[in-house]
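# Close look at the chain arrangement
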Amino acid sequence: VEASIPEPQREAWTKHQVQGFTDKDGFEKEVVRHVETTLARSLYNCDEGAAYSAAALAFRDRLITNWNKTQQRQTFADSKRVYYLSLEFLMGRAMDNAMLNLGLKNVAKDGMQDLGFRIEDIIGQEHDAALGNGGLGRLAACFLDSLASLDYPAWGYGLRYRYGIFKQEIINGYQVEVPDYWLDFNPWEFPRHDVTVDIQFYGNVRKSQDENGKSVAHWEGGEIVTAVAYDVPIPGYATPSTNNLRLWSSKASSGEFDFQKFNNGDYESSVADQQRAETISAVLYPNDNLERGKELRLKQQYFWVAASLHDIVRRFKKSKRAWKEFPDQVAIQLNDTHPTLAIVELQRILVDKENLEWDEAWEIVTSTFGYTNHTVLPEALEKWSVGLFQHLLPRHLQIIYDINLFFLQSVEKKFPKDHDLLSRVSIIEESQVKMVRMAYLAIIGSHKVNGVAELHSDLIQTTIFRDFVTIFGADKFTNVTNGITPRRWLHQANPRLSELIASKTGGYDFLKDLTLLNQIEQYAGDKEFRKEWAEIKYANKVRLAKYIKSTLDVTVNPAALFDVQVKRIHEYKRQQLNIFGVIHRYLALKAMSPEERKKQLPRVSIFGGKAAPGYWMAKQIIHLINNVGAVVNNDPDIGDQLKVIFLEDYNVSKAEMIIPANDISEHISTAGTEASGTSNMKFVLNGGLIIGTCDGANIEITREVGQENIFLFGTLSEDVEDLRHQHNYSNHSIDSNLSKVFEAIQSGKFGEPNDFGAMISAVRDHGDYYLVSDDFESYLDTQKMVDTEYRNQDEWIAKCIRSVARMGFFSSDRCINEYAEGIWNVEPLVVKN
Ligand code: C3B
């Protein structure tokens, strides 16, 4: 439908084009207008909530004018676009980020002050957009920021969950989950009730022949659910480019709403149908690095993928190009295997709807997709039962079988008679219950496969995907080491540090080219600079100490060493190793004379993170941390020497406060298990050092900052398998320090010992899969070195400064440029303003 305004009337439009505010007065005017009209309030009843709402709406208006222009520019240029498909976008708060990216934070600060509010309080009113679990979801959010900041024509596609990741409460030391209903007031989205796609499920496939005798598949029957688009503007930093994140929400299709039932008076069941449709986008699955094979999850995946592809194809078809040009116009990146069905769906569209030949279609498909793998953990690799597929997506299962058949035929041709190879690489796992291996499908249907840090990319090529390297050749596999956006994780989270850096590097250019940080290295020996640096660190620690006091009523000394481990709770991330180390420290302090005790370096051990609701062991780890805290924090012998803090409900906005306050952070996964890690980068960028294992991006951080600036310990990944084998086939001995920790737990010092029996047995009796006992001693030794080195504050700060100076590599801008060049083949669309 042509909806554009005819030429003669366009003058009126141009004359009234919205410009958006650029100064304090303009901003205030917009805030007052929104308070009085949009919110129907006044200066007599404008609380912080209303002030936030009005300020957010003012910024939303501002973003949308940029968004409109960006979209027009991209449509007009008609160049290749990137589509980033992710089931998770862990965005956090939007307003602070929008203000900073638009360069209008000072305007907003002064404006809000004129109107009677402090900008920090107003920012604090915003509910986090928490549509993700952990690293994978936050990476997607950092990528969106970089894509917009670098002017790439790019869209994100995701699901608009009504409930994001649950809110964590700690009650009697235990995690309790509370639903996160976040959509009460969300000014950052635009519902597009006119952009809808009908999505089919279930039903069956009928085959017929066309006039040329070619077999044609018809997917018929089943049920229809409608996808409605919600658009979220993504502002770039210091550029007018504003990209789009399109999130799909499910509702009953109007065709489906059963008027028959309704008219027959069966009102309740027709409403029930409606609710069933809305269930699809109702809730984010709260598992990190774990797949549970639930039907609703597969429904979510198909719903989102089918709606997104329909949208992408619709946009392509407007250009009236030939199908073979599709990969020149479209690059689709699969964030893990969650969107792998997109490969099958595009093949289905091309073959069943657009009547392309199979091979021609498949060539287009494989040239379009890239697949990023984020984990080697077997429990996280997606497999769906063939039966479930047959039921939910019968036509897609047929296509998967055909893809597999042609693939296996080509393998057999290349490697005749290697039947073992054929069954190893088959998309269908011929187990008791037949399974579809999504990672294999993703590899076969993509032109590039990448891991997220060097070690991880090596590991996937030599272990889980090695047969595919043999089959496709090494060129198909590559590495793109993860990165983080310095806008949120330095400038926004740590404004004073950002300002100090700017004062020495001649402005804020480093936020667009993070390698410019290297200019501050020369100040590592500068007394004055070090002093300012230390003051900022101290102020950040005071801010966190106040927060700890107000939320937990525990007083911590900001002069103590702040040791932080915040991330999802997982046995492979080894929070248990950390808390065992804390118990060891506590026992050692208790055994000392008061004089000796006083001489020790005071430390605050800070933990935070959510456990998946069904992950019992992870919940026990949280429970132990809290119980240890309750004992240690109230022990008069200990005082300031040791405090143990568990911060409730760790999320993006809390990370922005916690990370700048770190002296040291822990990234201590069993070698070979943490694909990359990204918080490690954030902590160092905020002027802390790392205690960590030789795992994931820790290795590249070491390469960049120098091994004298990081505390590495523990088993190397190449030795992990042997050790595991030894644990299972010979008696493995437990270090005496660790035994004493176990004894203390079992004595009941930290609450009911039975609660922690399984945690101890896992290490002592059940093979210690995560190598806690093997690494315990070197962990303690390394922590001792941390204590010693921290006492020399001048040198410590110098190390922090040098480390920050060398962190340029870890910008997500670098990362996005690597994807653009090596995988997507797209160019920025530079804006001349
Ligand atoms: C995570 C990995 O566990 C991290 O090592 C990695 O830094 C990030 O992805 C980003 O690449 N990951 C996750 O959060 N969820 C998964 N299902 C798999 C990996």
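Residues numbered from 1 in each chain as written. Predicted model: local features only at pLDDT ≥ 70, side-chain atom pairs only at ≥ 80, totals over all residues. Heavy atoms only, no water.

Within the secondary structure, S270 is located in helix α9 (residues 267-279). Each C-alpha atom, one on S270 and one on V283, is 22 Å from the other, the two residues being 13 residues apart in sequence. (Helix = DSSP H or I, 4+ residues; strand = E, 2+ residues; numbered from the N terminus.)

Contact pair helix α30 (residues 736-746) / helix α31 (residues 757-764): the axes reach a minimum separation of 11 Å and the direction vectors enclose 160°. It follows from the interaxial angle that α30 and α31 lie roughly antiparallel. Viewed along their axes, α30 and α31 form a crossing whose handedness is left-handed. Between α30 and α31, the residues in contact are L738, F742, I745 and Q746 and I760, V763 and R764, respectively. (Axes fitted to C-alpha atoms, helices over the stretch in contact; angles between N-to-C directions. Parallel < 35°, antiparallel > 145°, perpendicular 65-115°, else oblique. Left-handed = near helix turned anticlockwise from the far one by under 90°. Contact = heavy atoms within 4.5 Å.)

Reading across the sheet, the 9 strands line up as β7-β10-β11-β4-β1-β12-β13-β17-β18 and stay open at both edges, with mixed pairing between neighbours. Pairing within the sheet leaves two strands with one partner each, and these edge strands are β7 (190-201) and β18 (477-479). For this sheet, the mean angle separating the axes of adjacent strands, direction not counted, is 25°. Where strand β17 (residues 448-451) and β18 come together, 3 bridges link them in parallel fashion. (Pairing = 2+ DSSP bridges.)

A word on the packing of aromatic side chains. Taken as a whole, this structure holds 33 aromatic pairs when the rule is applied. With a centroid separation of 5.0 Å and an interplanar angle of 75°, the aromatic rings of F316 and F326 are classed as edge-to-face. Here the residue F316 occupies a position in helix α10 (residues 295-318), and F326 occupies one in helix α11 (residues 326-329), the gap between them amounting to 10 residues. The class for F326 is buried, based on a relative accessible area of 0%. Seen from their ring centres, Y790 and W796 are 4.9 Å apart, and the 80° between their planes marks the pair as edge-to-face. For the pair Y790 and W796, one class covers both residues: buried. The rings of Y83, W155, Y157 and W248 are connected pair by pair, giving a single aromatic cluster. Positioned over the ring face of Y769 is R724, at 3.6 Å from the centre of the ring. One cation-aromatic arrangement involves R814 over F809; the distance from NZ or CZ to the ring centre is 3.9 Å. (Phe/Tyr/Trp six-rings, centres within 6.5 Å; stacked < 30°, edge-to-face > 60°. Buried < 20%, exposed > 50% of the residue type's maximum accessible area, 1.4 Å probe, protein only. Lys NZ or Arg CZ within 6 Å of the ring centre and 35° of its normal.)

Ranked by internal contacts, the top residues of the largest apolar core, which has 231 residues, are F201, W248, W533, F580 and W824. If you tally residues by element for this core, the top one is α10, at 11 residues. By size, the runner-up hydrophobic cluster in this structure holds 25 residues, among which are F21, V31, V35 and V107. (Core = buried A, V, L, I, M, F, W, Y, C linked by side-chain atoms within 4.5 Å.)

In this section: the packing of helix α12 (residues 341-353) against helix α13 (residues 358-368). Relative to each other, α12 and α13 sit at 145°, their axes nearing to 9 Å. Relative to α13, the crossing made by α12 is right-handed. Residues I343, L346, Q347, L350 and V351 of α12 pack against W358, A361, W362, I364, V365 and T368 of α13. Here the residues of the contact of α12 with α13 are counted per class, giving 9 nonpolar, 2 polar and no charged. (Nonpolar A, V, L, I, M, F, W, Y, C, P; charged D, E, K, R; others polar.)

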